[in-house]
Each structure stands twice: as C-alpha cells, then as structure tokens.
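# Understanding the architecture of this molecule
What follows is the residue order along each chain.
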2 protein chains.
Amino acid sequence: MTMRNETVTIAGAGLVGSLLALMLARQGYRVQVFERRPDMRSIAISAGRSINLALSTRGWKALAAAGIDDAIRAEAIPMKGRMIHSTAGELTFQPYGRENQAIYSVSRGGLNMTLMDQAEALPNVSFHFRHRCLDADLETAAATFLNEGSGKTHQVRADYLIGADGAFSAVRGRMQFMDRFDYSQSYLAHGYKELLIPAAPDGGWLIDKNALHIWPRGQFMLIALPNPDGSFTCTLFFPFEGDPSFASIDSSESLQRFFRQTFPDALALMPSLNDDYFRNPTSSLVTVRCSPWVANDKVALIGDAAHAIVPFYGQGMNAGFEDCSVLLDCLAEHEHRWADALEAYQGLRIDNANAIADLALRNFVEMRDLVADPHFLLRKKIEKKINLLYPNTFLPVYSIVSFSHLPYGQALQESRLQDKFLVELMNIPDIEQAVDSPAFEERIRTMIKEYEPAAASA
Amino acid sequence: MTMRNETVTIAGAGLVGSLLALMLARQGYRVQVFERRPDMRSIAISAGRSINLALSTRGWKALAAAGIDDAIRAEAIPMKGRMIHSTAGELTFQPYGRENQAIYSVSRGGLNMTLMDQAEALPNVSFHFRHRCLDADLETAAATFLNEGSGKTHQVRADYLIGADGAFSAVRGRMQFMDRFDYSQSYLAHGYKELLIPAAPDGGWLIDKNALHIWPRGQFMLIALPNPDGSFTCTLFFPFEGDPSFASIDSSESLQRFFRQTFPDALALMPSLNDDYFRNPTSSLVTVRCSPWVANDKVALIGDAAHAIVPFYGQGMNAGFEDCSVLLDCLAEHEHRWADALEAYQGLRIDNANAIADLALRNFVEMRDLVADPHFLLRKKIEKKINLLYPNTFLPVYSIVSFSHLPYGQALQESRLQDKFLVELMNIPDIEQAVDSPAFEERIRTMIKEYEPAAASA
C-alpha cells in the first residue's frame, strides 16, 4: 500500500464511518475518526438503534471490497424469506428470491466492532471516542470536537472532512446554512420498540431460524430477526397515538390483553414482554433527504447523514455501504482527484438515495398488509406469476433492491411501471376467477410486449 | 389597558415581530424584542430583502387591528392590476379584482419603522438591537442573546418565547432537534436581483403608477412595483444556471444585448442597469415548511420563521400578519390561557401556511406564462367568463387569496377544483371557436350545477 500525504477526518465511527475509514486507509490516506459515544469495544452501550440488521447484496459487496466478508459471514444468519404469522397462528413462508438467495441477520454491534478492529489495525487510522463534533468549517474542512472526557475543545485540520455522523449529523447541520441547500426531515406517525423472544432452554431457536418473521396487522406490525445466541430481536412498529397505539397501551393489563388478541403465538414466546415494553424506549422513524452532499470540493456526507431512511426495506446500512463502494470507485475512476470524485459520487448517489427512501416508505404499507388484504394478496399472486413467466423482463422489485447492484432509482421506476401493469390486470372483471384461465396468461403475453422495464432500458 | 404580569420575548424585529410586539403590548403583556441587525431607524441598512411589498386585505386587517392602517395608507400606492409588457412593448392591463379592489405597494423599511415606533411608544415594550439569538431553551422559554456591541452573552427569561426571526430562524433551529419535528427547506432553481427604474425628471412615474408591471418571458420574468418617490423597484427572476441565466449574463455587453432583445421598453428606462446588475446581490428563493410550530406550550414560531414562501403571490408579509391576527384571536378566545391559545393557533395556521406556499409556487409559473402561452391565455379568458357569470360560485382564486379572509387552504382547494373544471372545458373540440358560442355557455351552466366550490362548502 502506497501511503498518501492527504488526510481525511471522518465524523462518526458507526457502521459507515468505520467501513469508510478502513477503505480509505487501505488506499493510503491518513484517517482520523471521531465518535461522540464511548468505544463500544470496551463499554457496553446501546447504539440507540436496532440490535440486528439485514445485510443484503449491496452490503456484502462493500464488505468484500474491504476484505472482511468472510469474517462477517461466519456469524451471519441467512433469512431465506418472510414467515408470516396470522392472528390464528398459521404460518406462511414467502421466499425472498431464488433458492440460493437470502438476506442475512447480523449483529450491528458485532459488525461495527469488527470494522473498527480492522481499521484500527492499520498504521494510518486512529479512532477518538467521546469526541462530539461541535462545528465544521466548510471552507477548510477543519472540524471542531469537544473531548467529553477532558472537557477540552480542539480543531482538527485535514484535507477532507466526511460526515458519517448519522441522521442527526452535525456536519450536515452546518451545510444546512449554505445557500440553496435543500433539506427535509419527515417523521412517520409510527414509532418502534424492541422486544425479545429468548433462546430455547437448549440454546436453539424457538421459531424458524432462517426467516424474517412478520406479524402483519394492517395499521401496525411486529417483526423478528434471529440472533446467533438463539434469541430473536422483535420490533413492534406501532402508531404513537390513537387506538391501539403506544399511547393507549399503557398498563400491563392492556399490554397483555392486546398481545393476547393480536399476537397470541408471539406472546407465548415472550416472557419478558412486560419489562421490555415498559423499559425500552419508543423510538421515532425519520426520513432525511438533502442536496447537495458535497461542499467546496472537500466536505461530503455519507450514510444516514446524507439519507436517513425508514427500516422497512432493510436497506439503511446496505445503502450506506454502497455509498462507500461508490465513493471509492469514484476516487479510482478520477485517479484520486477529490473534487471530481466527490462531484461524481453525489451525482451517482443523491437520486438513488431518494429512491430507496421512497421504496422503504412504500414497503411499510406492503409489510403491514401482507395478510390482512385479500386484494393485495391476489395482486401478489399475479405479480409472482408474471415474475416466473418473464423473469428477465418483469424483475421482482424486491430482488433488484436486495439481490442486485442495479441503481435503487431503477428499482423505484420498475415498481411504478409494475404498479400500472398490475392495476390494469386487477381491473379485469371477475379477476379472482379469471386469474387461472389461459385467457389471462394470453393477456399478460400481449401486455408484456408493450412493457419496457426500467432496468433493461438503462 | 390592563397590565399583565406575564412576559414575552420576541426574537426578531422584522415586520411580523414588530407588529406582534405592538399587538401583545396592547393586550398588557410585557414584551422584549431582540433583533440581530442594527436599528434601521438610525442606520440605513439593507434588509437583504425586497424594498417594497404588496400589501393586501389580510395585511390591512392586522394593521387595522393594531390601529395603524391609516398611517400606512397615506404612503401606500394602489396597484389595481397587472400591466403586462410584451417583448414588442405592447401593454395589456388585467385588473386584479373589481373596480375598487387593489393591492398596495408599500415600503418594507417604512412599514417596519412605523411598527417599531408605535410599539416602542408603549411603556411595556422594549427593543434591543444587534442582539443575535444564540440559543433557546424550549423547556423554559429562556433565550440566549449575544450583544454584538458589547460582545457579551446573556440569557433572557420570560413566560413565552416567540420566534419571529425569519426564514433562517434560530428558534426554529432549536426546535429542529425535537423528536418528530417535521421540517423542509427547498430552493428554486431561480434567483432574483433588484434593479431600478428611476423617477421622471419631474419626480413623477415613468410608467403607470397604479399597476404591478410584469414582463413575462416563459422561463423567467421581470416585475416592477411603484415607490412614492416616482421610482420603480424592479426584480428580475432568473435561473441561476443555463442560458440565459445569472451565470450566462456575466458582462456589460451580454447584459445590454439580453435586455435589448428581451426587455427593450424596460431597458430604455433603466440608466443604471449595468451598475445595479453587477453590484446588487443575487438572492435565492426558499420555501420553508415545518410542524409543529409550538413547543411545550410556551415557545412558538410565527411569520417566515414558521413558513417562508416564495414571493409570487405577494403573500409573505400578508400571511405573517394574518398569523398575528389569528394568534391574538386565539388568545382572546381562550381568555389568555396560552397553552390552549397556542394549540389553537397552530391548528388554524399550519395547513393554511402550506397552502399559500403551494399557491405561491404555482403562481410563479402563471406569472411567467402570462403572455407567452396562447393556450394559457384562452384558459384565462374562459376562467374570467365563468367568474363573471357565477361570481358567487366560481370565485377567482386570486381574489380569495388577496381580497378575502377565507383560509388559504380553501383557495388552494378551489384552485384545484377550478383546474379540473377548466381542463374539461379546454378539451372541447375546436375550443378556440367554441368559446364564444351559446352552446359553450350552456355547457358551463350544466357543469356549474355539479360544481361544489371549496369556499361555499366550508
């Protein structure tokens, strides 16, 4: 590895900041990473975020480029599809893709620590914890940090400053005052709370280990992802207000009654429900969009700092990791001329980040409705039929997002085209009966000739 | 006037902050106003904003409630309609409303100084200039200001804190970090620059004094509002980039050539064009939306701090003044219980602020297209015909916004309904000929029976 003279400051040692530090250091840059929280490798801290995450193809690619995919794979649990739990406790399995395709449940903390260990092992990376970013000089890329241990403030000069400091990014906070900086933060009326299904007495898993479990209930839902220790981390996505909501379920009695009526099979597996529900925080769900992501050819945003999205497509981390891959590709492409590379990076990423933000918002409705709406299920059935008949024309949007490297923008375009296509088919009289007729297949055959998929036309 | 014990801090002594100070002081509150800029009554300063503004019905109501409408009216210049200037120099006058209806050109500085003078004359109001708001404690309503004269920082405690500190509000900046605070700032690709048509040698007006002049040119436009001294303040709304744009018109030669080709009659009246264009700043145009406007029953946003809008409906100041009227009405309604009054205030205002923001964005396209598009002009002609035939059903949207106190939300709804109505009529074959036929009027008569105006149903 050739050492370079240029220095980079990264604000934030979360998943994206740590991965980017590793990648840039491998390219020979001298990298300093500053993190507001203590070092999670020495002090057990709650990241204030979900405990496990779904890693999919885009994420794996970045981990492979950083050379740590094998280390992560050893602990990752493949989830081959959704396991839908009805109120009566019936299970339906829906594969995510083809036989060998899966998304992977990984521990946020474990992955983050691995990334930090790998980066810190390099001679040209240093991590500084309990350093809060107070200010960023967008002209010079100098950043000011408060050392919360010593109480001292100091300015860190570098050639480049990358804000990987999350949805409430301090670096982006400075950029917000630039003229013509477009910005929005938008919250859902739903929040979330983490709950637990513990391991079986023998250390095994009480429900199918190789699935993402969903209890869809229309206006809200419960999901569960497997952990290596046999437990499942469950997340209840629930309205803040109304009935039922976090506001209305406010006693042990109402909690037990609600779960008994709504999630009876899950309740039977959740001995600590009461403690979890009343002790764990209720967190909000925000979508952040902004433009530009780059200031003065030397300051840039990445990951949640640039595009916080809701978790319903499991793409928050994957999108952030893909940012890292693209930024490194742009640096290579432009022979490490940062001005050009950063311009190319934001040109490639901003629209795609907005697209996955939209897809994630749409997928919340889809996940909640999985069981509840027969009309929706019929639509899904037809969609699947067309996917099977025309696998190269009518690509499943989920597969584009989770199992390909096609731009998110194409997935969004495809999903809009398929919506129109499906609406036309669903308008066929007596569609419930017609769907299995040869005439229906003929109709699809005719329509598909007119269909111009977004992915293929790109 | 009964003095009250409660104290109010207002951040910002612009138009809305000064009016609100006057109104609250009249109600007996002890009011302190802190303003970042020097006192414009002693030092000539550029407000960084337009020199004159169009005052319409909503604004007048608030000034009347504050008892200063007569003082302002003496200097205000009625503009009874738009005077459209074609490239060839032809003039077309379009009245804004009925014979006695007009919007009024007033001086931003003059109005602001009158409001400050009136407020400061009361014993329970004080103004503090060159005080920059550094921080706001949303729990206690305490605000921290830096006195830029002395360099000292001090905290101001009060029962209530109102952020009237404009589009880049520091108070709102604090609220942005509240959980579940929705916020967006969005810039147009157009900017603006102020130019000048001076007074005639005899002190009179070189073009019609009682009109708002518009040179609409499709992708951009020039407008002019009269001043009492005989001059007109012109504003060029122009793309930042592209051709033509602020970026492409970058020399005296290209400026003269562009104006000669595009605004020849205006050019003949603008001897200082060159100096004005190259000396005056190019400003950007932002729309700011947020929700909520109130924190902890004691901190609230008002005016541009709550809803910065683009200037194309002439409603920025009017909307801010209406905020003041509504807030005072809410205080009266709830017998000065602020928690209830503030809740009612934001309930009444947020959707309406979003509506006028949308209407202002739509009106930019309308103003730019006034001459250029024959299809648009035909539509306008039909619209006017229906307005005349059914003045109480098919209210002109411009009149709802500018000459009524109906909520902006109703104006937006009405404009959408009328859009649909007009699209249907415009789809009649050979509409250019059909429009003057008795059959066309009959068609309107049939359609209008089905038409349910937003305003009437409210």
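Residues numbered from 1 in each chain as written. Chains lettered and ligands numbered in written order. Predicted model: local features only at pLDDT ≥ 70, side-chain atom pairs only at ≥ 80, totals over all residues. Heavy atoms only, no water.

## Description of the interface of chain B and chain A
For interface size, the figure often reported is the accessible area lost on association. Contact with chain B, which involves 15 residues of that partner, is made by 15 residues of chain A. When residues of chain B are sorted by the area they lose upon contact with chain A, B:Arg180, B:Gln185 and B:Tyr187 head the list and together hold 40% of the total. The interface formed by chain B and chain A contains zero salt bridges. Inspection of the chain B/chain A interface yields 11 residue pairs in polar contact (both at pLDDT 80 or more). For the side of chain B that touches chain A, the element with the highest residue contribution is strand β13 (residues 182-197) of chain B, accounting for eight residues. Its residues assigned to classes, the side of chain B that touches chain A comprises seven nonpolar, five polar and three charged. Across three bridges, the pairing between strand β13 (residues 182-197) of chain A and β13(B) is antiparallel. Note that in β13(B) the partner of A:Gln185 across the bridge is B:Tyr183. (Contact = heavy atoms within 4.5 Å. Buried area = accessible area lost by both parts, 1.4 Å probe. Salt bridge = Lys/Arg side-chain N within 4 Å of Asp/Glu carboxyl O. Polar contact = N/O pair within 3.5 Å; in protein donor to acceptor, adjacent residues only side chain to side chain. Helix = DSSP H or I, 4+ residues; strand = E, 2+ residues; numbered from the N terminus. Nonpolar A, V, L, I, M, F, W, Y, C, P; charged D, E, K, R; others polar. Pairing = 2+ DSSP bridges.)

## Describing the domain arrangement of chain A
All names here are of chain A. Domain annotation of chain A identifies domain 1 (7-44 + 109-184 + 287-363) and domain 2 (373-448). Across the contact, 12 residues belong to domain 1 and 13 residues belong to domain 2. Summing both partners gives a buried area of about 1,000 Å² for domain 1 against domain 2, and 55% of it is carried by carbon and sulfur. A per-residue breakdown of the area domain 1 buries against domain 2 is headed by Tyr313, Leu359 and Arg362, which together make up 45% of the total. Joining domain 1 to domain 2, the criterion identifies one salt bridge. Of the charged contacts in the structure, one is a salt bridge between Arg362 and Asp419, with a shortest N-O distance of 2.5 Å. Inspection of the region where domain 1 meets domain 2 yields seven residue pairs in polar contact (both at pLDDT 80 or more). At seven residues, helix α11 (residues 338-368) tops the list of elements feeding residues into the side of domain 1 that touches domain 2. Looking at side-chain class alone, the side of domain 1 that touches domain 2 contains five nonpolar, three polar and four charged residues. (Domains from an automatic or database assignment.)

## Here we look at the relation of the copies chain B and chain A
Overlaying chain B on chain A yields an RMSD of 0.1 Å, the required transformation being a rotation through 180 degrees with an accompanying axial translation of 0.1 Å. The transformation relating the two chain copies, once decomposed into turn and shift, fits a two-fold axis. For chain B, the smallest separation between a C-alpha atom and the rotation axis is recorded for B:Ser184, amounting to 2.0 Å. The share of interface residues of chain B whose copies in chain A are also at the interface is 100%, consistent with both copies meeting through the same surface. (Least-squares fit on C-alpha atoms with pLDDT ≥ 70 in both.)

## Some thoughts on the side chain of A:Ser399
Looking at the element boundaries, A:Ser399 is found in helix α13 (residues 397-403). In this view, A:Ser399 contacts A:Tyr96 and A:Ser404; residues no more than four positions away in its chain are not counted.

## Observations regarding the packing of aromatic side chains
All names here are of chain A. All chains considered together, the criterion is met by 55 aromatic pairs over all chains. An angle of 65 degrees between the planes, with centres 6.3 Å apart, marks the rings of Phe237 and Phe364 as edge-to-face. Pair noted here: Phe237 is in strand β16 (residues 232-239) and Phe364 is in helix α11, with a separation of 127 residues, a long-range link. The residues Phe237 and Phe364 share a single accessibility class, namely buried. (Phe/Tyr/Trp six-rings, centres within 6.5 Å; stacked < 30°, edge-to-face > 60°. Buried < 20%, exposed > 50% of the residue type's maximum accessible area, 1.4 Å probe, protein only.)

## Details of the sheet that holds strand β10 (residues 142-147) of chain B
All names here are of chain B. Pairing is antiparallel in the open sheet, where three strands are placed in the order β9-β10-β11. The outermost strands of the open sheet, each flanked by one partner alone, are β9 (131-137) and β11 (153-156). Sheet twist, expressed as the average angle between the axes of neighbouring strands with direction ignored, equals 25 degrees. Sheet topology places β10 next to β11; four bridges connect them, and they run antiparallel. Across the sheet, the residue bridging to Leu146 is Thr153, located in β11. (Axes fitted to C-alpha atoms, helices over the stretch in contact; angles between N-to-C directions.)

## Quick look at unusual backbone geometry
Cis rather than trans, the peptide bond between B:Asp243 and B:Pro244 has omega equal to 0 degrees. You can see B:Pro244 is positioned in the loop between β16 (232-239) and α6 (252-262). Note the cis peptide between B:Ser291 and B:Pro292, where omega equals 0 degrees. Residue placement: B:Pro292 occurs in the loop between β17 (283-291) and β18 (294-295). Phi is positive for A:Asp430, close to 50 degrees, though the residue is something other than glycine. Overall, A:Asp430 belongs to the exposed group, its relative accessible area being 55%. The backbone of B:His336 sits at a positive phi, close to 65 degrees, despite the residue not being glycine. A residue is classified by how much of its surface remains accessible, and B:His336, at 14% relative accessible area, is buried.

## Digging into the environment of B:Gln176
Here B:Gln176 is to be found in the loop between α5 (170-175) and β13. Residue classification places B:Gln176 among the buried residues on the basis of a relative accessible area of 9%. On a C-alpha basis, the gap between B:Gln176 and B:Phe232 in space is 39 Å, while along the polypeptide they are 56 residues apart. Setting aside residues no more than four positions away along its own chain, B:Gln176 makes contact with A:Gln176, A:Tyr183, A:Gln185, B:Phe181 and B:Tyr183. A distance of 2.9 Å separates a polar atom in the side chain of B:Gln176 from a polar atom in the side chain of A:Gln176.

## Quick word on the nonpolar core
Looking at soluble globular proteins, one finds that nonpolar side chains tend to be buried together. Core analysis: the largest hydrophobic core is formed by 166 residues, its most contacted members being A:Phe321 and B:Phe321. Beyond its immediate chain neighbours, meaning those up to four positions away, B:Phe321 contacts B:Leu15, B:Val16, B:Leu19, B:Leu55, B:Gly59, B:Ala62, B:Leu63, B:Leu111 and B:Leu115. (Core = buried A, V, L, I, M, F, W, Y, C linked by side-chain atoms within 4.5 Å.)

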